[in-house]
Amino acid sequence: MEKSNQNSFSFKKVLLIALIAGTLDGTAAVIFLGKMNFMKVFQYISSAIMGPEAFAGGIKTALIGLAFHYFIAFSFTLVFTIASTKTPVLRKNIILSGIIYGIVVWTIMPLLIVPLTKIPAAPFHYERAILNVVILIFCIGLPISYLTSKKF
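Cut-offs and rules
Residues numbered from 1 in each chain as written. Predicted model: local features only at pLDDT ≥ 70, side-chain atom pairs only at ≥ 80, totals over all residues. Heavy atoms only, no water. pLDDT = per-residue confidence, 0-100. Contact = heavy atoms within 4.5 Å. Phe/Tyr/Trp six-rings, centres within 6.5 Å; stacked < 30°, edge-to-face > 60°. Helix = DSSP H or I, 4+ residues; strand = E, 2+ residues; numbered from the N terminus. Buried < 20%, exposed > 50% of the residue type's maximum accessible area, 1.4 Å probe, protein only. Axes fitted to C-alpha atoms, helices over the stretch in contact; angles between N-to-C directions. Parallel < 35°, antiparallel > 145°, perpendicular 65-115°, else oblique. Nonpolar A, V, L, I, M, F, W, Y, C, P; charged D, E, K, R; others polar. Expected span 1.5 Å × (residues − 1). Left-handed = near helix turned anticlockwise from the far one by under 90°.

(A) View of the confidence of the model for the protein. Model confidence for the protein is summarised by a mean pLDDT of 93, while 93% of its residues fall at 70 or above. Every residue in residues 1-6 scores below 50 in pLDDT, and together they form five contacts with partners more than four places removed in sequence or on other chains.

Okay, structure coming up:
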């Protein structure tokens, strides 16, 4: 039995979607969260595995953070892609799926992932949380949902 184009899986396509979503998310993080400070944003990400020393590592630790950022974007893209091949409703309701997935990603990062890293706990700020949710909806959830529905 032949699979339809909507159910095919391609590692290359997942990688491309992750590259697009990761670039959108990274750009938004630099602009809105890092106030145009590329180094600080990606050193913060590398500090998850390197601790505070990451902030003294210059471009090297920023590039490690950038690689880690794309790995995370790839992971979330892969999860959504696999889920959408098993759950057709995710491909049919692109906008709703994207919004919900952005919220899911935001929930997973501060509640599950970040506490497992070397990033120190920080107080909760509603404004920053809302900004993070909006960025993840528009830069991760919606692009991954849309592109997955068009590519798979």
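Having put the structure on the table, let's press on.
(B) Structural context of the packing of aromatic side chains. Under the criterion given, the structure shown has six aromatic pairs. Relative to Tyr-101, the ring of Phe-76 lies with its centre 6.4 Å away and its plane at 75°, an arrangement referred to as edge-to-face. Of this pair, Phe-76 sits in helix α3 (residues 58-86) while Tyr-101 sits in helix α5 (residues 94-113), and the two are 25 residues apart along the sequence. One exposure class covers both Phe-76 and Tyr-101, and it is buried. A network of ring pairs unites the aromatic residues Phe-76, Phe-80 and Tyr-101 as a single cluster.

(C) Molecular detail of the packing of helix α2 (residues 38-50) against α3. Where α2 meets α3, the axes come as close as 7 Å, and the angle between the chain directions of the two elements is 75°. When the axes of α2 and α3 are compared, the pair comes out roughly perpendicular. Taken together, the residues of α3 that come into contact with α2 (itself represented by Phe-38, Met-39, Phe-42, Gln-43, Ile-45, Ser-46, Ala-48, Ile-49 and Met-50) are Gly-58, Ile-59, Thr-61, Ala-62, Ile-64, Gly-65, Leu-66, Phe-68 and His-69. Of the residues that constitute the contact of α2 with α3, the class distribution is twelve nonpolar, six polar and no charged.

(D) Region of interest: the environment of Val-30. If you trace the backbone, Val-30 turns up in helix α1 (residues 11-33). Spatially, the C-alpha atoms of Val-30 and Cys-139 are 13 Å apart, while their sequence positions differ by 109 residues.

(E) Quick look at the environment of Leu-131. Counting through the fold element by element, Leu-131 comes out in helix α6 (residues 126-151). A sequence separation of 98 residues divides Leu-131 from Leu-33, and the C-alpha atoms of the two residues are 8.3 Å apart. Discounting chain neighbours no more than four positions away, the residues touching Leu-131 are Phe-32 and Leu-33.

(F) How the structure looks around α3. If you check α3, its first and last C-alpha atoms are 43 Å apart, about what 29 residues at 1.5 Å a residue would give, namely 42 Å. All of the buried residues along α3 are Thr-61, Ala-62, Gly-65, His-69, Ala-73, Phe-74, Phe-76, Thr-77, Phe-80, Thr-81, Ser-84 and Thr-85.

(G) Representation of the packing of α1 against α2 within the structure. Between α1 and α2, the shortest axis-to-axis distance is 8 Å and the interhelical angle comes to 120°. In terms of their interaxial angle, α1 and α2 are classed as oblique. Handedness of the α1/α2 crossing: right-handed. The segment α1 lies against α2, with Gly-26, Ala-29 and Val-30 engaging Phe-38, Val-41 and Phe-42. A per-class count over the contact of α1 with α2 returns five nonpolar, one polar and no charged.

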